[in-house]
Each structure stands twice: as structure tokens, then as C-alpha cells.
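# Remarks on the overall topology
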Amino acid sequence: MNVPAAPAEPVAVVLLGASGDLARKKIVPALFALFSQGLLPASFRLYGFARSAHTDAAFRALLAEHLTCRAGTPGDCAARARSFLDHCFYCSGAYDSPDAYLDLFQIMNDRDPAPGANRLFYLATPPSVFGPAARALGDAGLVQCGTSRPWSRIVLEKPFGRDRESFDRLARDTARVFREEQTYRIDHYLGKEAVQNLMALRFANRLFEPVWNRTAVESVRIEWREDIGIEGRGGYYDRYGIVRDVMQNHLLQVLALIAMDRPVGPGAAAVSRAKLDVLRRIPPPGPDALRLGQYAAADFQGRTRLGYREETGVPPDSRTPTYAELVLTIENERWRGVPFRMIAGKALDRKLTEVRIRFKPVSADLFAPAGSPPPNELVARIQPDESLRLSIVSKKPGFGLDLAETALDLRYRSVFPADVPDAYERLLLDVMNGDKSLFPHADELAAAWDIFTPALREIEDRRREPFLYPFGADAP
Ligand code: BG6
């Protein structure tokens, strides 16, 4: 097994937006999991930074609410959490204030057992903060230039803007302080095991590549469902909506991994190039190609659920979609004519992310009396319960020639019983080790915005009304 390496040098993580949900529920627990596995250097420090005032003790209490140990982890979990929290400190201030970062710098100097540690700036903040915060960090002299040691790296969380124009602005603003090699844009779907496995499935097996094209594939369907609403994120969500929240990034990255050609070699640059080639071959869909819906109040799983427009922070006449469906095409030799259907919805009947590749049917003549054999289908389930299922047609045992649809079914958890690491753990470790393979390049994000910006703009200019579907619907 490929055992990940703990970064050899001391590292200080500066977490902007430290009291927010993303930081407390995802990033800090992932750092704690790395710490528990001995994958952080002993001198590791976490410096939380946000606008609200907290003492170190109050900040640690906030973080403690979401620290849990994996089942089966040896040792005393509470003691390990205490020891992790001893490495955490807090500083409050305005994100665009160089003076506030000088205060932070002072705290870092006072607490740092290893002067000259590498610095990882994690911006778990709204994108409007990226540019001003990068500039102020630079002005305060906290950013070590270039790629030499000690390094400074910046991690940005999606959404990277709202459209192509705002993305370009963001990219320009952060590039004034951090070079592309220092910039890591997180799309956490790329850190998921089953998404990483798409590359292995396609390129480490002889079997699939010869049929991975329009001659054999009839359609591809990428489906994303959640059985929860926006969970108190009205302020954010209403500005973005489902297309910007998951389709333009998570699902398009999955599509690129499914559709790209074999990268010319290993490493981040080759993979990114292959994804970019595919993204640039997707014609932007017109506004009418997008079916857009919004969830309405309903009883679901024994509780009455609010409709989207009743959620806190959402205007009562909001037209922001929480469900979207569209078909994309790829104008290249491999895929011309094959529909790539994308479906994404919040407040649906269950949580599910999967890719379904349907192959063309075989000619029926040989089996005429038994009817047409059903087409093969390969289903890569990304979550929950990662699996790969290939439906194949078999002869039913017996005297006749009856056919049955059967399946080869690989469940990750039975084949790989060890814990599947959380996407954020993997990605944070990669940033510390300077590995960009699982981070989209700026050019990919620009290409992704080029696909969706024209339709979004027109839909919003026209103030198009989404259809309503009840919370918990299976097929809106
Ligand atoms: C985030 C979106 O990027 O991904 C959320 O902003 C969504 O709206 C989340 O719920 C889903 O992530 P996961 O890993 O739970 O599928």
C-alpha cells in the first residue's frame, strides 16, 4: 500500500474564516484526522483567523464540537483531541487589514516552536474575500515569495467566482501575491476515493479503453442527489444556486475524468491538460437546455420540511434553482453524438452520486427467440458506499436459451476494508507535500465557466421561474 508521507518540515496553517461551518466541520476535523495518524509534523500549528473575537480557549471549544475519532482508532480519543487543540491559536481581525495580519504574525512568532515554518494559508471564506485578503497578507509581509523554502501556499475554496468575468478578476487579484505554483484551488470531489479511481479504472485496465467512445457508448449520466436542503446556508446559496454550487465544478470535473483522453504522462500538468482538452470541446448549452427546479415545503422522513423560499436568508420570491438537469455534448472524435446527461438536486429522496455509462445494444438476431439482450451498463457509485457495477447478460441455467441481466459487483468496503480517507484529509496532505495532481488548474476553471456563463446570464436576465418540486421528490 502507498503510505502517505508526513511533511518533513514544520508547517503553520493559517485558517481564514476559522469560525465558519466549512472550517469547523470539514477542515479542522480533517487536520485532526491527519494529526491522529501521525501525518502532521510535531511542530504543526493552526492559527484561526476571523472577524469575531474569541480567546484561544473559546476557539478551541468551538473546534472541539466537531472533533471525532474514527471507530477502531487505538488510544484515548479525548486525550488526542486535547493534544491537537493545544496546537491551535486564534486571532481576530478584518480580512483586508494588513495591521490585523501583523497582529497574527506576532502571535505566530510567540507560539511557533519552529521559526521559519512553511505557511499554508487556507481561505475558508466567501470568494469576495480572496483578493483583499491575499493583498493584505502580502502587504503585511506574511507571504514568503516564490517556491523556495520556507514556502507559502494559498488554498482557495470554491466557488471561484460567479461567472467567467468574476473568476478572471479573482484569479488576477490572488495572482498579484501568490504565483500559480503556490495556489491550490480545492474541488473536494477530486479528493474522493471513488473519483480518483476513475483514472485507475480507465487506464490501469486493458478492458475499458477500447469501448470508451461513441462507437460503443450510448449515453453517460452523472447524477448527484442530496436528501437535505441548504441547511442554514441561505445567504451563500441564493447567490449561487445548484449549477454554480455543484455542476460547474464537482460534476464537470467528474465528467472531464470520464471523458478525457489518456494523459501523456503522470503528474498534475498532464492530467490537467487532458481534462482541459475535453472541457474546451463542450459547446455552451443554451438557456433552454437547462431544466431548473426549486424545492417546496413537504413532509419528508417523518418531518415537515421548509421550502427553499422559506429558508433563512432566502428572499420569498427567490428564483435560485436547487435542481438542474441538462445534456452536454463533447465535440471530438471520441464522443461526438454521445449525450452526457447531468442531474443535480438538493432536497431529493436520497443521497447519491453516481456515473452511469450505458453501452449500445448488441444485434438481437442471434438470440431472437429470447428477445433483445439488455444493454450493458457500468455504474460507478461515488457515494455513499463506493462501488463499481457492470451489468452483463448471461444465459439462464436450463434447457432453453433464456437470457438474464446479471452483474459484476465490486463494493469498496468489502474489498478494501480499511477506512476510506476523507477527501479533505487527502487534499490537505497533498498541499503540504506540494502535490497538485488533484487540484484543478486555473485554465480548467476558466473553461468550466465558459460552458455555463452564457446560459446562466440569460436565465438570470430573464428572471426565469424554476418549477417547484416537493422536498424529498425522487424525480422532479
Ligand atoms: C459542496 C456544496 O461543495 O459540496 C454543498 O457547496 C454540497 O452544497 C457539498 O452539499 C456536497 O459534498 P459531499 O462531499 O457531501 O458530497
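That block above? That's the structure.
First things first, this report covers the structure right here in the doc.

Reading the values: rules and limits
- Residues numbered from 1 in each chain as written.
- Predicted model: local features only at pLDDT ≥ 70, side-chain atom pairs only at ≥ 80, totals over all residues.
- Heavy atoms only, no water.
- Helix = DSSP H or I, 4+ residues; strand = E, 2+ residues; numbered from the N terminus.
- Rg over C-alpha atoms; globule rule 2.2 N^0.38 Å.
- Buried < 20%, exposed > 50% of the residue type's maximum accessible area, 1.4 Å probe, protein only.
- Contact = heavy atoms within 4.5 Å.
- Areas by Shrake-Rupley, 256 points an atom, 1.4 Å probe, with all protein chains shown as cover.
- Lys, Arg positive; Asp, Glu negative; His and termini not counted.
- Charge placed at Lys NZ, Arg CZ, Asp CG, Glu CD.
- Pairing = 2+ DSSP bridges.
- Axes fitted to C-alpha atoms, helices over the stretch in contact; angles between N-to-C directions.
- Right-handed = clockwise from strand over helix to strand, strands pointing away.
- Near = heavy atom within 4 Å.
- Polar contact = N/O pair within 3.5 Å; in protein donor to acceptor, adjacent residues only side chain to side chain.
- Nonpolar A, V, L, I, M, F, W, Y, C, P; charged D, E, K, R; others polar.
- Core = buried A, V, L, I, M, F, W, Y, C linked by side-chain atoms within 4.5 Å.
- Domains from an automatic or database assignment.
- Bend = angle between axes of the 7 residues up to and from the residue.
- Parallel < 35°, antiparallel > 145°, perpendicular 65-115°, else oblique.
- Left-handed = near helix turned anticlockwise from the far one by under 90°.
- Disulfide = S-S within 2.5 Å.
- Expected span 1.5 Å × (residues − 1).

## Quick word on the overall build of the chain
Broken down by element type, the chain carries 12 helices and 17 strands. Taking 23 Å as the expected radius of gyration for a compact globule of 476 residues, we find that the chain reaches 24 Å, a close match to that expectation. For the chain, the spread of C-alpha atoms along the three principal axes comes to 80 × 55 × 50 Å. The buried share of the chain, taken over its 476 residues, is 52%. Long-range contacts, defined here as pairs at least 24 residues apart, represent 77% of the contacts in the chain between residues at least 6 apart. With an accessible surface of roughly 21200 Å², the chain has 53% of that area assigned to carbon and sulfur atoms. Here the chain holds 62 positive side-chain charges and 61 negative ones, and the gap between their average locations is 2 Å.

## Describing the sheet that holds strand β3 (residues 88-92)
With respect to topology, 6 strands assemble into an open sheet ordered β3-β2-β1-β4-β5-β6, the strand pairing being parallel. Strands at the two margins of the open sheet, each flanked by one partner only, are β3 and β6 (183-186). Going from strand to strand, the sheet's axes swing by 20 degrees on average, the running direction of each strand aside. Each of β1 (11-16), β2 (45-50), β4 (118-123) and β5 (152-157) is contacted by helix α1 (residues 21-36), which is oriented at about 170 degrees to β1, the strand it contacts most.

## Some thoughts on the sheet that holds strand β11 (residues 323-328)
Reading across from one edge, β16-β15-β14-β13-β7-β12-β11-β8-β17 is the order of the 9 strands in this open sheet, with mixed pairing throughout. With partners counted over all chains shown, the strands left at the sheet margins are β16 (403-411) and β17 (467-470), one partner each. Here the strands of the sheet are splayed against their neighbours by 20 degrees on average, with no regard to which way each runs. The pairing of strand β13 (residues 352-359) with strand β14 (residues 377-383) spans 6 bridges and is classified as antiparallel. Bridge pairing in β14 places R356 opposite V379. Against the sheet, helix α7 (residues 193-203) touches β14 and β15 (387-395), its axis set at about 145 degrees to β14.

## What about the environment of Y240?
Here Y240 is to be found in helix α8 (residues 234-259). With a relative accessible area of 10%, Y240 lands in the buried category. With 25 residues separating them along the chain, Y240 and T215 place their C-alpha atoms 37 Å apart. Beyond its immediate sequence surroundings of up to four residues, Y240 is in contact with P127, P159, G161 and R162.

## Side note on the pairing of β2
Counting buried positions over the 6 residues of β2 gives 6, a clear majority of the element. Burial along β2 is two-sided: the residues R45, Y47 and F49 and L46, G48 and A50 are all buried. Pairing of β1 with β2, which is carried by 5 bridges, proceeds in the parallel orientation. Among the inter-strand pairings, A12 is bridged to a residue of β2, identified as R45. The parallel pair β1 and β2 is bridged by α1, and the resulting crossover is right-handed. In this sheet, β3 lies alongside β2 in parallel orientation, the contact comprising 5 bridges. The residue bridging L46 from the neighbouring strand is C88, located in β3.

## Here's the deal with the site of the ligand
In the vicinity of the ligand, the residues found are K158, H188, Y189, K192, W224, E226, R233, D245, H250, K346, K351 and Q383. K192 places a side-chain nitrogen or oxygen 2.6 Å from an oxygen atom of the ligand. At 2.9 Å, a side-chain N or O of K346 approaches an oxygen atom of the ligand. The fraction of the free accessible surface of the ligand (390 Å²) that becomes covered by protein chains is 84%. For the shell around the ligand, a count of residues per class yields 2 nonpolar, 3 polar and 7 charged.

## Here's the deal with the nonpolar core
Within the largest apolar cluster, 147 residues are counted, with the highest numbers of intra-cluster contacts made by F84, Y101, Y122 and L255. Here the element with the most residues in this core is α8; it accounts for 13 residues. Shared between two domains, this core holds at least three residues of each, these being domain 1 (11-157) and domain 2 (190-420 + 443-470). Discounting residues that sit within four places of it in the chain, F84 has contacts with V28, L31, F32, F35, F44 and L67.

## Let's talk about α8
Quick reminder: α-helices carry 3.6 residues per turn. Residues three or four places apart thus point the same way. Largest kink in α8: about 95 degrees, centred on G241. Of all 26 residues making up α8, 23 are buried, and the element is well covered by its neighbours.

## Quick word on the packing of α1 against helix α11 (residues 423-433)
Where α1 contacts α11, the two axes come as close as 9 Å, and the packing angle between them is 70 degrees. Judged on the interaxial angle alone, α11 and α1 are roughly perpendicular. Crossing of α1 against α11: the hand is right-handed. Mapping the contact onto sequence places L22, K26, I27, A30, L31, A33 and L34 in α1 and Y424, E425, L428, L429 and M432 in α11. Residue classes in the contact of α1 with α11 are distributed as 10 nonpolar, no polar and 2 charged.

## Some thoughts on the side chain of Q144
By the secondary structure assignment, Q144 is in the loop between α5 (130-139) and β5. Here the side chain of Q144 touches W151 through a polar contact of 3.1 Å, landing on its backbone oxygen. Excluding residues that lie within four positions of it along the chain, Q144 makes contacts with A117, R119, P150, W151, S152 and Q182.

## Quick notes on the state of the cysteines
In this structure the tally under the stated criterion is 1 disulfide. Across the disulfide from C69 sits C77; the S-S distance is 2.0 Å. Because the torsion about its S-S bond is 90 degrees, the bridge between C69 and C77 counts as right-handed. Not part of a disulfide, C91 finds its nearest cysteine sulfur in C88, a span of 15 Å.

## Let's talk about α1
Over its 16 residues, α1 runs 22 Å from end to end, which matches the ideal 22 Å to within 8%, given 1.5 Å per residue. Bending of α1 peaks at approximately 30 degrees at the position of I27, with proline P29 no more than four residues after it. Within α1 the residues assigned to the buried category are A23, R24, I27, V28, P29, A30, L31, F32, A33, L34 and F35. Here the buried face of α1 lies against β1, β2, α2 (56-64), α3 (77-85), β4 and α11.

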